[in-house]
Amino acid sequence: MNNTSYKVIVVGGGHAGYEAALASSRMGVKTLLITLNKQLIGRLPCNPAVGGIAKSHLVSELDALGGELGRNSDYTGIQYRMLNTRKGPAVQSNRIQCDKDLFPVRIQAVLGMQENLDIHDDIVTAIRTKGSKICGVTTRGSGDIDAASVVICTGTFLRGRVLIGMKSIKEGRMGEESAEDLSASFDRFGFTLGRLKTGTPPRIHRDSVDYSRMEIQPGEDPPPFFSRMARKEWKMFHVEHERKDQTLMNRMFHVEHQGLHPWTPGTEQIPCWLTHTNERTHQIIADNLTKSAMYGGVVEGTGVRYCPSIEDKIIKFADRTSHHVFVEPEGRNNIRLYPNGTSNSLPEEVQEEMIHSIQGLEKAEIIRPGYAIEYDYADPTQLFHTLETKRVESLYFAGQLNGTTGYEEAAGQGFVAGANAALKSIGIDPLVLSRNESYIGVLIDDLVTKGTDEPYRMFTSRSEHRLTLRQDNAYFRLLEKTKQIAIVDSSEIGDIEKQRIIIDRESNRLEKVFHEGKSLAQILRQPEISYKDLPQDSGSLDEEVIKQVEIEVKYAGYIKRERDRIEISRKQEKQHIPINFDYDSVQSLRYEAREKLKNIRPENLGQAGRISGVNPSDISILAMWFKKGTVSSK
Ligand SMILES: Cc1cc2nc3c(=O)[nH]c(=O)nc-3n(C[C@H](O)[C@H](O)[C@H](O)COP(=O)(O)OP(=O)(O)OC[C@H]3O[C@@H](n4cnc5c(N)ncnc54)[C@H](O)[C@@H]3O)c2cc1C
């Protein structure tokens, strides 16, 4: 290992790890990414889809801040859809089925081209400290490596166990070695660890299913993208395509498509297929339930409530006679299909019988069995909102390690942890995303304030401000934070600022221009009316601006109320609480509240109010206490 001194070490090349490494190195900080196998960086071990309800909001926010997940999905997509199009803008969500072979290829190419970033194949076996501050890690192959900050993104690998029926194999994912030693190192530093579990379905051969007995689910045209870059290129492609301008086509020819004909995001989409389980499927599972790792007593970790295994569904929804199974392609040149909805840990022979009972899959060839994975996670209430640990300074945790499930949840945390490790290592104030401005903020605040005892998945219902935190306005609501970390190109920021001005100007103009006694805004608020229907020349405003104007005018009242609530909660967030505050000195606080506050050690009054077991009267007592000026506020 060359003796380059690194400011930041990132451990783990999953979705948290590559976002952390890119955020840190793109801020000009010398970064080392250590991972078990660099050929597997960015792997999609489960469902090859990115986005969906609320997860797409996380991806849009990442793109706004300068993350890579959105772009990588746009440029390796095989099917693009917007979900909830008939519902309000708060819950509309993009979902992209990605090519499982090309997704890691592109992310590895992007990492490979990144300055200030080295990548090293090895396993980290321990963390090292000087006093209570991190100073590096120990690896199996290269011994000790120093750094000012360390970000741990080890996913499902800490004491990972792959479980199929009664079989338990020491693996972090099927076919990949687990990390056995690092957990013991965390134990030595007093971190609280727990066990969680998630699962994945079998994979079947694409030539062994009967498509005529399933319902086709095509992609959408034009394709909804996560990133501004892909949206821009899509527009340019349509302009240039006619002129067959080869030079432009080459520029559009992306690293991820080496050897394929020129391709542009969103074209040549591949369909998914819908079928269903039936009573025979459910009977097969019920008859063999005790043989499954989950119900045979092998699993000790808690599973994903909102992504249940097929065994869970049979138990929890016993009255249902069928469940959806979405048969999803894993890639253009990939022979594997992903039967979404059949995740399980049953013995292989039972899995085969179960799959063959499903319409269209009667002759399906199982290429790889489904399995459950159980692993260590670290209780996230041991973290600050920066994702720095409270126990060891300059040590950060991100991703599945913090008790979440999902590529998007992992990537959002990885970005914040990586940015903060870099900022800390160069002595600059941290990046803190609040729950009033972002879903990444909601995710982190929920984790560090409430903790989790089951894999945490994002939902729009987790936010109090859904109408304000939409996927379509991430660039505008995160602009100040984007500028703070300065990863996004300044010309792009300039474009967003210009758009913001045009949106505000046009929204105000519609309130002031009247037509037959009604303001254009009043007309636009009529449900069936869209901006293009207004009695005026819509001029040259671009699609994105028109979309923002429509939403801001149509939902003006709701948005105003949300903004007022945000203002109130912002005030509470401003009341800082020192980490070593003596809650026992506030006699009038209830005993239970004092214990909870001492355990979580909230950073401000707003967070204190969200701790379960701390109620509004406790917060009023604390607020009075601070008002009496016994504690300075930032
Ligand atoms: C079987 C299975 C089923 C899943 N099911 C779902 C699901 O149903 N829904 C869902 O949303 N998500 C699911 N996921 C989870 C999804 O894969 C993760 O949420 C996501 O990949 C987490 O990203 P991460 O970066 O935290 O960790 P991972 O993607 O797990 O990456 C961890 C990385 O760290 C590396 N690493 C680990 N330990 C060390 C070490 N000590 N030293 C060096 N490198 C190390 C590994 O090699 C790997 O590259 C599933 C994952 C698996 C494996």
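These notes cover the structure that comes with them.

A few points about the overall build of the protein chain
Thought 1: Looking only at helices and strands, the protein chain has 21 helices and 24 strands in total.
Thought 2: For 634 residues, the compact-globule formula gives about 26 Å, and the C-alpha radius of gyration of the protein chain, at 25 Å, lands near that figure.
Thought 3: Principal-axis analysis of the C-alpha atoms places the extent of the protein chain at approximately 70 × 65 × 55 Å.
Thought 4: Looking at the protein chain as a whole, 58% of its 634 residues qualify as buried.
Thought 5: Across the protein chain, every contact between residues at least 6 apart in sequence was considered, and the portion connecting residues at least 24 apart equals 73%.
Thought 6: Accessible surface computed for the protein chain: about 25,800 Å², of which carbon and sulfur atoms make up 52%.
Thought 7: Put simply, the protein chain has 83 plus and 86 minus side-chain charges, and the middle of one group is 4 Å from the middle of the other.

With respect to the environment of Leu447
Thought 1: Assignment of secondary structure puts Leu447 in helix H12 (residues 439-450).
Thought 2: Residue classification places Leu447 among the buried positions, given a relative accessible area of 1%.
Thought 3: Residues Leu447 and His385 lie 62 residues apart in sequence; the distance between their C-alpha atoms is 9.0 Å.
Thought 4: Leave out the neighbours within four places in its chain, and Leu447 touches Pro380, Thr381, Asn402, Thr404, Gln413, Thr452 and Tyr456.

Observations regarding the site of the ligand
Thought 1: In the vicinity of the ligand there are 35 residues, among which His15, Ala16, Val124, Gln400 and Gly406 approach most closely.
Thought 2: Here an oxygen atom of the ligand sits 2.7 Å away from a polar atom, N or O, in the main chain of Gly406.
Thought 3: For the shell around the ligand, the elements supplying multiple residues, two or more each, are helix H1 (15-26), strand S2 (31-35), strand S14 (193-200), strand S21 (371-378) and helix H11 (407-425).
Thought 4: A per-element tally of the shell around the ligand places S14 first, with three residues.
Thought 5: Class assignment of the residues belonging to the shell around the ligand gives a composition of 17 nonpolar, 15 polar and three charged.

Quick look at the packing of helix H2 (residues 55-65) against H12
Thought 1: At their nearest, the axes of H2 and H12 sit 8 Å apart, and the two run at 110 degrees to each other. Overall, the two elements H2 and H12 adopt an arrangement that is roughly perpendicular. Residues His57, Leu58, Glu61, Leu62 and Leu65 of H2 pack against Tyr439, Ile440 and Leu443 of H12.
Thought 2: Of the residues belonging to the contact of H2 with H12, the class tally is six nonpolar, one polar and one charged.

Description of the environment of Gly266
Thought 1: Along the chain, Gly266 turns up in the loop between helix H7 (246-252) and strand S17 (272-276).
Thought 2: The buried category is assigned to Gly266, whose relative accessible area is 6%.
Thought 3: Considering only alpha carbons, one finds Gly266 and Ile78, 188 residues apart in sequence, at a separation of 7.3 Å.
Thought 4: With near-sequence residues (within four places) excluded, Gly266 lies in contact with Tyr80, Pro223, Phe225 and Trp234.

Things to note about the pattern of salt bridges
Thought 1: For the structure shown, the criterion picks out 51 salt bridges.
Thought 2: Here Lys55 and Glu409 are joined by a salt bridge, their closest N and O atoms 3.0 Å apart. You can see Lys55 sitting in helix H2 and its partner Glu409 sitting in helix H11, a full 354 residues away along the chain. The same class applies to Lys55 as to Glu409, namely buried.
Thought 3: Across the salt bridge formed by Glu393 and Lys424, the nearest N and O atoms sit 3.1 Å from each other. In this pair, Glu393 sits in the loop between S21 and strand S22 (395-397) while Lys424 sits in helix H11, placing the two residues 31 residues apart along the sequence.
Thought 4: Judged by relative accessible area, Lys424 falls into the partly exposed class, the value being 30%.

Quick word on the state of the cysteines
Thought 1: Counting across every chain of the model gives zero disulfides.
Thought 2: Residue Cys272 stays outside any disulfide, its sulfur separated by 11 Å from that of Cys98, the closest cysteine.
Thought 3: A relative accessible area of 4% means that Cys272 is categorised as buried.

A look at unusual backbone geometry
Thought 1: Asp221 connects to Pro222 through a cis peptide bond whose omega is 0 degrees.
Thought 2: Positive phi is not limited to glycine here, since Ala54 has a value of about 70 degrees.
Thought 3: Counting through the fold element by element, Ala54 comes out in the loop between strand S3 (49-51) and H2.
Thought 4: Of note, Ala486 is a non-glycine position whose phi angle comes to about 50 degrees, a positive value.
Thought 5: Position of Ala486 relative to the elements: it lies in the loop between helix H14 (479-485) and helix H15 (490-512).
Thought 6: Assessed through its relative accessible area of 52%, Ala486 is described here as exposed.

A word on helix H21 (residues 616-627)
Thought 1: Look at H21: 16 Å from first C-alpha to last across twelve residues, which is about the 16 Å you get at 1.5 Å a residue.
Thought 2: When H21 is considered as a whole, its buried residues turn out to be Asp618, Ile619, Leu622, Trp625 and Phe626. The arc that holds every buried residue of H21, seen down its axis, measures 120 degrees, which confines them to one face. In H21, the exposed residues that point more than 90 degrees away from the buried face are Pro616 and Lys627.
Thought 3: Close packing links the buried residues of H21 with helix H18 (556-574), helix H19 (591-600) and helix H20 (605-609).
Thought 4: Positioned one or two residues after H21, Gly629 has a phi angle of 80 degrees, which is positive.

Description of the packing of H2 against H11
Thought 1: Put simply, H2 and H11 touch, their axes get as near as 9 Å, and they point 30 degrees apart. Comparing their axes, H11 and H2 come out roughly parallel. Considering the relative orientation of H2 and H11, their crossing is left-handed. Contacts between H2 and H11 pair Lys55, Leu58, Val59, Leu62 and Leu65 from the former with Glu408, Glu409, Ala411, Gly412 and Phe415 from the latter.
Thought 2: Each residue belonging to the contact of H2 with H11 can be placed in one class, and the counts come to six nonpolar, one polar and three charged.

Focus on the pairing of S14
Thought 1: Within S14, six of the eight residues are buried, which leaves the element mostly enclosed by the surrounding structure.
Thought 2: The sheet contact formed by S14 and S21 spans eight bridges and is antiparallel. Counted as the bridge partner of Leu196 is Tyr375 from S21.

Regarding the environment of Gly131
Thought 1: Relative to the elements of secondary structure, Gly131 occurs in the loop between strand S7 (124-130) and strand S8 (133-139).
Thought 2: For the pair Gly131 and Glu393, spaced 262 residues apart in the sequence, the C-alpha separation amounts to 9.4 Å.

Focus: the sheet that holds strand S11 (residues 167-169)
Thought 1: Taken in spatial order, the four strands make up an open sheet running S11-S10-S21-S14, and their pairing is antiparallel. Of all the strands in the sheet, just S11 and S14 have a single pairing partner and so form its edges. The mean angle between the axes of side-by-side strands here comes to 25 degrees, regardless of whether they run parallel or antiparallel.
Thought 2: Looking at chain direction, strand S10 (residues 161-164) and S21 are connected through three bridges and run antiparallel. Bridge pairing in S21 links Val162 to Ile373.

The rules behind the values
Residues numbered from 1 in each chain as written. Predicted model: local features only at pLDDT ≥ 70, side-chain atom pairs only at ≥ 80, totals over all residues. Heavy atoms only, no water. Helix = DSSP H or I, 4+ residues; strand = E, 2+ residues; numbered from the N terminus. Rg over C-alpha atoms; globule rule 2.2 N^0.38 Å. Buried < 20%, exposed > 50% of the residue type's maximum accessible area, 1.4 Å probe, protein only. Contact = heavy atoms within 4.5 Å. Areas by Shrake-Rupley, 256 points an atom, 1.4 Å probe, with all protein chains shown as cover. Lys, Arg positive; Asp, Glu negative; His and termini not counted. Charge placed at Lys NZ, Arg CZ, Asp CG, Glu CD. Near = heavy atom within 4 Å. Polar contact = N/O pair within 3.5 Å; in protein donor to acceptor, adjacent residues only side chain to side chain. Nonpolar A, V, L, I, M, F, W, Y, C, P; charged D, E, K, R; others polar. Axes fitted to C-alpha atoms, helices over the stretch in contact; angles between N-to-C directions. Parallel < 35°, antiparallel > 145°, perpendicular 65-115°, else oblique. Salt bridge = Lys/Arg side-chain N within 4 Å of Asp/Glu carboxyl O. Disulfide = S-S within 2.5 Å. Expected span 1.5 Å × (residues − 1). Arc of directions from axis to C-beta. Left-handed = near helix turned anticlockwise from the far one by under 90°. Pairing = 2+ DSSP bridges.

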